[in-house]
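Notes for the structure review
Residue strings, one per chain:
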Amino acid sequence: KCESTQKDVLSTNKNDLPRISMLSVEEVLKSHVLSLDIDNCEAENDNAFIVADLGEIYRQHLRWQTHLPRIKPFYAVKCNADPMLLKLLIALGTGFDCASKTEIQTLLNMGVDPSNIIYANPCKQGSFIRFAAEHDVKMMTFDNVEELHKIKRFFPNAQLVIRILTDDSKAVVKLSAKFGASLDNTGFLLQTARELGLSVIGVSFHVGSGCYDENAYVDAINRARFVFDQATELGFNFHLLDVGGGFSFSRKNNDVTFEKIASVLGPAIDKCFPSDNIHVIAEPGRYYAAPAFTIATHIIARRIVRRDLDEHIPNMDVIQDETLVAGDDHPSFMYYINDGLYGTFNCILFDHQIVTPKVLMKEGKFLFGETLDEPEYNCFIWGPTCDSIDCITKNGSLPELLPGDWLYFEEMGAYTISASTKFNGFRKSKIIYTTTDPHVLTILDDA
Ligand code: PLP
């Protein structure tokens, strides 16, 4: 009775790979939620689950190669270390940006050559630098003088990349308060590196994650040029430019699309760094991971707020929220779903994201991508834990739903799974793999 009806078109015969279907994301969602038999199943198939479309990652890679052919992507593992995502990127030949010993170890265990890893954390633990030295992961960033002394002690043969400060005012997640040497300080740092006999090979920067102004990249390229010239004067021979992350994955016309960034970044690099001897890399995270993951969540409970307010608990927090009490005759609902802020939706807290709930199934009817011709009510959506910070939105607008219905949220691959916890004893949402591009299967099989 509980068997999945999903017609899995099996990917690849390699035992260590999980199943990869060749269904569309919609088909995977449908087969899963329609196979649910809540009264008879013990398999907890009412759990929230995530569908990862590896085809989307592949398309993003092709898009990158089309628009920024000179830049080799070093995927930022911190964004989402899902093993299949990493496997696919390894097979596609990208490099990797690692932030810690564990990330480096993961990639080395997967067979990545150390020269394809940049340890791009300017403030590193001494033992991690030693680990990088032992495993020949030479490229690493720095932005302060103490780091130079540490590296001199633990890995004097490292190939250093100076991370410079950028204007991150046009980014959702700002990084410049924490990292980056100002142009007033780069001369001193390079001079110190020289005195210590360290090898500095280039410049890196990060314009901030979720950058929404393509000109931030141009400004950063000009700063990098300044530091290259400074380094030449000090006798260094720089040959690496690392343009960091921040790349948009959006295809929407009124957003800053990846194409828009590429259309100014590519020419700026060619203008300021015309020599082919300058190797250019980037550290995209969100760009690759975000669009490939969709989460489906089950509505496990609901409350009708106005009734509560009228009859029971007038001092409740929500009474302060005008959207719920603003003279509307309809009840407002509070839905409780089975993944939340302590799980996949931690991106709301840590990554400043606003997520958009959509109705996946209502009263047994599968509704992916459909707009319902029904009135919408304002609603809160809560995660499953007993903590009241665990709130996914206080501004939802959805048709009336019931426990047992399903919601879905798209573009949930960046800074979600990677920081998810099991707080309150909840499991992390399981990932189901599919690919909407058949080449992925061959690429993985050949790897
Ligand atoms: N590189 C570094 C050093 C970062 O800190 C980050 C994100 O914080 C990234 C790359 C990836 O950035 P994004 O996901 O915006 O591309």
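Each remark here, short or long, concerns the structure printed above.
Reference entry: report on the structure contained in this document. In this text the structure is predicted, and so the values were computed from the model without any measurement.

What to know about the overall build of the protein
Counting secondary structure elements, the protein contains 14 helices and 20 strands. Across the 447 residues in the protein, those meeting the buried criterion constitute 55%. By element, 49% of the accessible surface of the protein is carried by carbon and sulfur atoms, the whole surface being about 19,900 Å².

Comments concerning the packing of aromatic side chains
Scanning the entire structure with this criterion turns up 20 aromatic pairs. For the ring pair Phe-366 and Phe-368, a centre distance of 6.4 Å and an interplane angle of 10° mean the geometry is stacked. Over the face of the ring belonging to Tyr-119 we find Lys-124, whose NZ or CZ atom lies 5.6 Å from the ring centre.

Structural notes on the environment of Ala-120
You can see Ala-120 is positioned in the loop between strand E5 (117-119) and helix H5 (126-134). With relative accessibility at 10%, the residue Ala-120 sits in the buried group. Sequence separation between Ala-120 and Glu-283 is 163 residues; the distance between their C-alpha atoms is 8.8 Å. If we skip the residues at most four places from it in the chain, Ala-120 touches Asp-97, Cys-98, Thr-141 and Glu-283.

Comments concerning the site of the ligand
Around the ligand, 15 residues are found, and the nearest of them are Ser-209, Glu-283, Gly-285, Arg-286 and Tyr-415. In the model, a nitrogen atom of the ligand is placed 3.0 Å from a nitrogen or oxygen of the Asp-97 side chain. Separating an oxygen atom of the ligand from a side-chain N or O atom of Ser-209 is a distance of 2.5 Å. Within the complex, 92% of the 390 Å² of free accessible area of the ligand lies under protein. By residue class, the composition of the shell around the ligand is four nonpolar, six polar and five charged.

What about the pattern of salt bridges?
Taken as a whole, this structure holds 16 salt bridges when the rule is applied. In this structure, Arg-286 and Asp-351 form a salt bridge, with 2.7 Å as the shortest nitrogen-oxygen distance. Linking Arg-286 in helix H10 (residues 286-289) with Asp-351 in the loop between helix H13 (347-350) and strand E15 (358-362), this pair joins segments that are 65 residues apart in sequence. Each member of the pair, Arg-286 as well as Asp-351, is classed as buried.

What about unusual backbone geometry?
Its identity as a non-glycine residue notwithstanding, Tyr-415 has a phi of 55°, on the positive side. Mapping Tyr-415 onto the fold places it in the loop between strand E19 (406-409) and strand E20 (430-434). Given the relative accessible area of 21%, Tyr-415 is considered partly exposed. For Asn-424, which is not glycine, the phi dihedral falls at a positive 70°. Looking at Asn-424, the relative accessible area reads 36%, which means it is partly exposed.

Definitions and limits used
- Residues numbered from 1 in each chain as written.
- Predicted model: local features only at pLDDT ≥ 70, side-chain atom pairs only at ≥ 80, totals over all residues.
- Heavy atoms only, no water.
- Helix = DSSP H or I, 4+ residues; strand = E, 2+ residues; numbered from the N terminus.
- Buried < 20%, exposed > 50% of the residue type's maximum accessible area, 1.4 Å probe, protein only.
- Areas by Shrake-Rupley, 256 points an atom, 1.4 Å probe, with all protein chains shown as cover.
- Phe/Tyr/Trp six-rings, centres within 6.5 Å; stacked < 30°, edge-to-face > 60°.
- Lys NZ or Arg CZ within 6 Å of the ring centre and 35° of its normal.
- Contact = heavy atoms within 4.5 Å.
- Near = heavy atom within 4 Å.
- Polar contact = N/O pair within 3.5 Å; in protein donor to acceptor, adjacent residues only side chain to side chain.
- Nonpolar A, V, L, I, M, F, W, Y, C, P; charged D, E, K, R; others polar.
- Salt bridge = Lys/Arg side-chain N within 4 Å of Asp/Glu carboxyl O.

Nothing here speaks to function; it is all geometry.
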